[in-house]
Each structure stands twice: as structure tokens, then as C-alpha cells.
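Each chain is listed here by its residues.
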Amino acid sequence: MRRLLIIGVLLATLLPGAKADVDPNFYIYLCFGQSNMEGNAQPESMDRSNVDERFRLLATCNFSSPARVMGHWYKAIPPLVNPVGGLGPTDYFGRTMVAALPANVRIGVIPVAMGGSPIEMFDKDKYQKKMNDNPNEYWAMLAKQHYGGNPYGRLIEMAKKAQEEGVIKGILLHQGCSNNGDPNWPNMVKKIYNDMLSDLGLSADTVPLFVGETLRQENGGSCYAHNTQVARMPSVVPTSHVVSSEDCPGNGKDPWHFNPLGYRIIGKRYAFEALKLMGRELMAEADYQIPSQQKKFYSAKSLDVPSEVSAVPGDRIPGGITATFEDGHKENVSAYTDFTSEDVVFENGALSPRHEGKGMAEAVYTDFCRNQSRGTFHVDVSFFPFKSSFIQKLAGTMKYDEETRALTLSAGGQAGWVYSNGADMSAYKYLVVKLKEPQECDAEVRVLPSTKVSSAGYRDTIDNRTTVSIDLNRLKYYNNNSYIDPAKIFMVEFRFKKAGIIYFEDVFLSNDDELYSSVKAVDRAASPADTPVYTLQGIMAGRVEDWGSLPRGVYIVGGKLIRK
């Protein structure tokens, strides 16, 4: 028996694919893309020095300077991707990860990227044709020179080698300029991601995809339109996560690439997304000694907040929270800031989706080095703010005058309030729309459980009413009898059948059953059978053809009061 046990151990050690030496605390990340992933900035002194031994690179090609052999592990000193690359997002992704994770955890990166490469070069079913059709392109020559003409194959080959020593924890992508704005791009990325998972025996729920934005327009980027496609990734690949490029400066030389600071910032944000998924704090381990030059990059010395902020329930505080760091750079840190207030309600870093409020709030930003910066501001949270920035055009042409609350729309035009994170109106009975005067553009109010303008929802024609009360507990889809959940409202908007203008007095939520119960008797009017019949609260009770089945009471028909 003892001899059989020894033979079994030896076989487990010698057989291909044996997992005996796999370190579960060696976290490995695959990195691919084009020139920004390749690294386009010249590393500065702080980038070349003080690289932690726990941050490792698996060389995916041969280097002469520094000397590296494909398939071997090295300390991750830039350039990481190939000999023509420089500083890229992978550098400060790894540095941030090792600083934030326990001392027994190592981070390994496996990068494959070519400047100018289209995403098809990483599709195992398309790369060959792409290369054959474009043999003289720079990216095609890089693929041949460094990756044997098959970038995807090289990445998979090296990933399988890395699986003998560690555990693949995620995939990083930065690509887009060569497919700028292509609506098919998200699905092409999805195929590549799924192929990687299948070829490596991985599962999407344990190996997320992190996708970085391209250089933004305000920072000199010409491919900023592609960020619309990047933003679609979580809807196409549920286990994908967008990495923001906000405040990442460009190099000032071309319209595609970040400068060293830009790569440090976006690299840190790749790490922050990975850490959030692990449930880790976005801070360095308390006893981790960050090198002094890098510490200035991570350490905030002050926080700038706007004096006043308006928002709708459910929103994060929109923009404007900016930290100035010790190395002099500034970053918008709204997404990483905590808020407290005695006047408005915050939940999980965002405004409560069901509470309005007005008063003071405090912003507290804790940087990566655990230093805190604070600032106070006035905040006004309303379901229906009448500021121009909240009345969104949804279809057609729109003009809105904030002073008079006049909304002008073209025929078929739509505009209103959008709650991107959903609004909870379930604590109220009525949604009330009050106009200053009757409208003449055949307008209707719509309440939608989606941010898609074309989606089904509740509709109520305004007719000649100046007050419209919508019963939130009886919100029915206009095309069926099912009810809409008032706790999940994503849009309240107006649609004009005719071009025209309406003047708002107010739009609000109410629990007052008697708010509009005062009436003056008038003569009963004859009306067509399809004329809407409203209660005194402005709620549609049916049509004239339903008159016989309505309960006794006073109704509004054709703008006149009729007693039944």
C-alpha cells in the first residue's frame, strides 16, 4: 500500500497538467488590446523603480532590453507587453493590487497587445483572414514579429502555462480606436471573452472582464465616441465592468494615447474595479509601505466640492467632487466618496431612490493611503426638478425655458425626467401634473418602467385638463391589463402629438385624496362614446361608453362636471 501511495504521488507530479504546485494566492490576469494596452508612454523614474517582487510578469514574447525569454516569469518592470511598448494601464493595475491585498497574495499579468490592432486580431476564427488582407499594417507586422502571427493563440498558450502555477482571476481589455464606434464591437468582444473562458476551462462568474474607456474628448481624444460602445458592455456581457478614463490626461502629441499620469490613473481604476468585486476596501493594506514617489500619486491633500448640487432620487451625486493629490494632479472622485446628511437620505453611496429632501451634506473621500478629505455642500433632491439639466429631450426637437417652465416640442416629440437608477414612488398615492393653462398639442403623460423611450408603459391623455392626477397604485400598461410597480419608475415624460407648448405650474407626488375635490356645478354635456371620464382627482375612470358601470359621484367629462 505504501509503495502504491508513493507511485501515485510521483505520477501526479510528472503527469502533464498536474496541479500539485498551483498557488491559490497567485492571482493571474490576462491583458489584451491595442496600443494603450501595449503602453505608449515613456516610463518615468517612479515607474521603473520600487516594483514589488509580488507583482510578476509572464513574458509573452522575447525581449532584448530588458532581457526576457518568452514563457518565463519576471518582476513587472516596464515595458511589460513587448519591446516596443512602454508604460501602460497594466503597470499600476498590478502595483495597486499588491498594495491592497494581503502579503501572501501575488499578482501576475499576461499581456498581449499590438499598436493599432483591430479587435478581430483576437478572434481565433477571424485573425488569419485579417492578417492576410492587411499584411503590411503595423499591427500585422507586430503580430508576426512578437506573437508568431497569432496573438490570441499566444495569449491562450501563456495562460495555460500560468495555470500550472496560479489561478486566473480576470481579463483586462483596452481596445477601440481601430473599431471606433462600431456597434458590433461589444458582441465581437463577447465572442472573444467566451472563447477564452472555454479554451481555458474557466467560468464567467469567477473570471470577470474589465473594459477600459478610450481617451476622452476633453483630454484630446478623437475616439471618444467609442465609449458609447464600451458603456454597452455590461448589457452584452453581464460579468463585464467599465473602467472610466475621466480625468486621464492625453499625451498632447496625438489624439489616441494617455500620458504617464493617465496610465497610472486608469491602471489604478482597473484595480479598483477588481478589488470591489472581491469585496475589498479600495485602500492599501495598513502595513504596506508605498514608495515615496508613488505615495504622492495615491495621496489626496484636499477635496473640492460644488457649493450646490441638485439631483433626483436614486442618483449618485453627479460629478463635481474633485481631489487634488500630492503630486499635483486632480481626479474626479465622486464614485469613491461617501456622503452623510441629516437632511437627505443616502443609501450605499447614492441618494435614496424614494426620498426627496433639501439641506446640507458632507462629502468624505478616503484615499488609497487611508487619508481622509472632507467638504460640505447644499443639496436639493426632488423627483421633478424644473432645472434645464433635468428636463431631457427623448425624441424630436425640444426647447425648455427654465424661468417660465415652458416646454416646447415638435410633433411626436418627447421629453421629461429620467431616473437612470430607478425611482421608488410607492410611498405616494398620486402623481400630480398641474399646468398653468390648457394645452393644445394633444399631449399625454407617460410613466415608464424602463429608460427606453419606445418601451410600453402607462399613458394618460391630458385633453383640456389643467390638473392630471395619476393613481400610482393603478398604473397599468397601456397595451395590457398588468400593473406597473411604482417602486421601479425609470421615466416620467410628455409626448406631443402636435407641435406646441405647455406651461407647467408644478409636477409632484401626493397622498392627499381631497386636494382637488372642490367643484362648481355646471350643466351636463353630451359627449362621444370614446370621450374619457375623469374623477375629481383627475384620474381616468373610463369612457362615456362605460358610464353605466361607473359608481355614483361627480365626474369630469369633456372639461365639464357631470353628476351621476
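Every chain is numbered independently, its residues counted from 1 as its sequence is written. Only residues with pLDDT of at least 70 are given local features in this predicted model, and only at 80 or more are side-chain atom pairs given and counted; all residues enter the totals for whole chains, interfaces and linings. As a convention, hydrogens and water are excluded, and side-chain values are obtained from all of the structure's heavy atoms.

Colleague: Outline the sheet that holds strand 17 (residues 392-395), listing residues and values.
Modeller: In spatial order, the strands read 17-20-25-22-23; together these 5 strands make up an open sheet with antiparallel pairing. Strands at the two margins of the open sheet, each flanked by one partner only, are strand 17 and strand 23 (458-461). Put simply, the sheet's adjacent strands are angled 25° from each other on average, direction ignored. Each pair of strands is called paired provided DSSP finds at least two bridges between the two strands. A run of H or I in DSSP counts as a helix once it spans at least four residues, and a run of E counts as a strand once it spans at least two, with each numbered from the N terminus. Here 6 bridges tie strand 22 (residues 443-448) to strand 25 (residues 489-496), and the two strands are oriented antiparallel to one another. The residue of strand 25 that forms the bridge with R446 is E493. Helix axes are fitted only over the stretch in contact, all axes being lines through C-alpha atoms; the angle between N-to-C directions runs from 0 to 180 degrees.

Colleague: Please give an account of a nonpolar patch on the surface that cites residues and values.
Modeller: Here the term patch refers to residues with relative accessible area over 30% and no salt bridge, with like charges joined within 9 Å and nonpolar side chains (Val, Leu, Ile, Met, Phe, Trp, Tyr) within 5 Å. In short, Shrake-Rupley with a 1.4 Å probe defines the accessible areas, and a residue's cover is counted only from the protein chains shown. Any carboxyl oxygen of Asp or Glu within 4 Å of a side-chain nitrogen of Lys or Arg constitutes a salt bridge here. On the surface, a nonpolar cluster with roughly 290 Å² of combined accessible area is contributed by V84, Y138 and M141. The partly exposed category is assigned to M141, whose relative accessible area is 42%. Remark: exposure states derive from per-residue accessible area (1.4 Å probe, protein chains only) relative to the maximum for the residue type, with buried under 20%, exposed over 50%, and partly exposed in between.

Colleague: Requested: an account of helix 10 (residues 260-278), with residues and values cited.
Modeller: To estimate the expected span of a helix, count its residues, drop one, and scale the result by 1.5 Å. Taking 1.5 Å of rise per residue, 19 residues should cover 27 Å, and helix 10 covers 27 Å from first to last C-alpha, within 8% of that figure. With 15 of 19 residues buried, helix 10 lies mostly within the body of the structure. Any N or O atom pair separated by 3.5 Å or less is treated as a polar contact, with the protein-specific requirement of one donor-capable and one acceptor-capable atom, and with residues adjacent in sequence counted only for side-chain atom pairs. Sitting at the head of helix 10, N259 places a side-chain oxygen 3.1 Å from the backbone nitrogen of L261. Taken from the residues just after helix 10, G279 is the one with a positive phi, measuring 75°.

Colleague: Would you mind going over the pattern of salt bridges in detail, with residue names and values included?
Modeller: Throughout the structure, instances matching the rule amount to 25 salt bridges. A salt bridge links E285 to R280, with the nearest nitrogen and oxygen atoms 2.9 Å apart. On the basis of relative accessibility, which here comes to 25%, the residue E285 falls in the partly exposed class. Residue R280 is classed as partly exposed on the basis of its relative accessible area, which comes to 29%. Put simply, D123, D125, K191 and D195 are held in one network by salt bridges that share partners.

Colleague: Before we move on, can you summarise the sheet that holds strand 15 (residues 357-366) with the specific residues and values?
Modeller: A sheet is described by the order of its strands in space; here 4 strands give the open sequence 9-16-15-12, paired in mixed fashion. With one partner strand each, in any of the chains shown, strand 9 (308-311) and strand 12 (337-340) form the two edges of the open sheet. The mean inter-strand angle of the sheet, taken between neighbouring strand axes irrespective of direction, is 35°. Here strand 15 runs beside strand 16 (residues 372-381); their pairing, made up of 10 bridges, is antiparallel.

Colleague: Residues and numbers for the pairing of strand 21 (residues 430-435), please.
Modeller: In terms of burial, strand 21 is a largely internal element, 5 of the 6 residues being buried. Judged from the 5 bridges that link them, strand 21 and strand 24 (residues 467-471) form a sheet pairing that is antiparallel. Paired with L431 across the bridge in strand 24 is I470. Two elements, strand 21 and strand 26 (residues 500-510), share 6 bridges in a ladder whose sense is antiparallel. Looking at the pairing, L431 lines up with L509 of strand 26.

Colleague: Kindly report on unusual backbone geometry, identifying the contributing residues and their values.
Modeller: In this chain, S65 is followed by P66 through a cis amide linkage whose omega measures 0°. Mapping P66 onto the fold places it in the loop between strand 2 (55-58) and strand 3 (73-75). For the bond running from P78 to P79, omega is 5°, close enough to zero to count as cis. Tracing the chain through its elements places P79 in the loop between strand 3 and helix 4 (89-100). At D247, a residue that is not glycine, the phi angle is positive and equals roughly 65°. Structurally, the position occupied by D247 is in the loop between strand 7 (240-243) and helix 10. If you check the backbone angles, D463 has positive phi at about 55° while not being a glycine.

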